[in-house]
Amino acid sequence: GFKPKDSDDWRIKQLNRRKESVMATLDYTLITDFGGFGATLNTDLLGRNKGTTFAVNYSAALTMQDLTVMPVIGLEWHNKRYNNYYYGINHSESMRSGLPEYTSKQGVNPYLELNLSYQVTPKWEIMATGRYDHLHKNIRHSPMVDKSDLYSFQLGIAYDF
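Basis of the calculations
Residues numbered from 1 in each chain as written. Predicted model: local features only at pLDDT ≥ 70, side-chain atom pairs only at ≥ 80, totals over all residues. Heavy atoms only, no water. Core = buried A, V, L, I, M, F, W, Y, C linked by side-chain atoms within 4.5 Å. Buried < 20%, exposed > 50% of the residue type's maximum accessible area, 1.4 Å probe, protein only. Contact = heavy atoms within 4.5 Å. Phe/Tyr/Trp six-rings, centres within 6.5 Å; stacked < 30°, edge-to-face > 60°. Helix = DSSP H or I, 4+ residues; strand = E, 2+ residues; numbered from the N terminus. Polar contact = N/O pair within 3.5 Å; in protein donor to acceptor, adjacent residues only side chain to side chain.

### As for the nonpolar core
Inside soluble globular proteins, nonpolar side chains tend to come together where they are buried.
(1) Moving on: Counting residues in hydrophobic clusters, the biggest one holds 7 residues: Phe-2, Ile-12, Leu-15, Ile-89, Leu-99, Tyr-102 and Met-144.
(2) Moving on: In contact with Leu-15, other than residues within four places in its own chain, are Phe-2, Pro-4, Ile-89, Glu-93, Arg-96, Ser-97, Leu-99 and Met-144.

### Comments concerning the packing of aromatic side chains
Two measures describe an aromatic ring pair: the distance that separates the ring centres and the angle between the ring planes.
(1) Moving on: Scanning all chains against the criterion turns up 6 aromatic pairs.
(2) Moving on: Their ring planes at 45 degrees and their centres at 5.3 Å tell us that Tyr-132 and Tyr-151 sit as a pair that is tilted. Taken together, the residues span a long stretch of sequence, with Tyr-132 in strand S7 (residues 124–134) and Tyr-151 in strand S8 (residues 149–159) at a distance of 19 residues.
(3) Moving on: We classify Tyr-132 as partly exposed; its relative accessible area is 25%.
(4) Moving on: With 5.0 Å between their ring centres and 80 degrees between their planes, Tyr-159 and Phe-161 make a pair best called edge-to-face.

### Concerning the environment of Lys-50
(1) Moving on: Position of Lys-50 among the secondary structure elements: in the loop between strand S2 (35–44) and strand S3 (52–59).
(2) Moving on: What makes Lys-50 exposed here is its relative accessible area of 52%.
(3) Moving on: Non-local contacts of Lys-50, meaning those with residues more than four positions away in its chain, are made with Asp-44, Asn-79 and Arg-81.

### Description of the side chain of Glu-76
(1) Moving on: Counting through the fold element by element, Glu-76 comes out in strand S5 (residues 67–78).
(2) Moving on: Exposure remark for Glu-76: the relative accessible area of 18% places this residue in the buried category.
(3) Moving on: At 3.1 Å, the side chain of Glu-76 and the side chain of His-78 are in polar contact.
(4) Moving on: Each residue touching Glu-76, except ones within four places of it in the same chain, is listed here: Phe-54, Ala-55, Gly-107, Val-108, Asn-109, Tyr-111 and Arg-131.

### Focus on unusual backbone geometry
(1) Moving on: Backbone geometry places Lys-50, a non-glycine residue, at a positive phi of 50 degrees.
(2) Moving on: A positive phi angle, close to 55 degrees, is found at Gln-65, a residue other than glycine.
(3) Moving on: Relative to the elements of secondary structure, Gln-65 occurs in the loop between strand S4 (62–64) and S5.
(4) Moving on: Residue classification places Gln-65 among the exposed positions, given a relative accessible area of 79%.

Shown next as structure tokens:
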């Protein structure tokens, strides 16, 4: 999603909100002696962005006692509808904000990810994920975007019932 009010730039504050959506996901991972090969297909269920994304990745897990380290390398494709909803600027937004109109096209973002998992007890597990995405030029060139890279971090716990 995108909330214009969260920006410090008065021009960005004039843009329409981009709402989050619910994506239906089909995910498959093939585990081999050489690592994991994955593919994920997502499509918008609520009709907000009417978009589709598709990712392929390779991962390799290394387990040392209770700690598992899994680096991942992948490519994530976003179709034109997805990119344009989140990064495009239509005519009325352009007139209000002074930003140029922008229509995004499809694009592929390469990414690197590191997943860590620590088994605290037989029932409790702590997980952390760090991810780096290099944004495709069709996202980077949007007047809404002021960087070419995206960093994200997630932390979680799991309990096995």
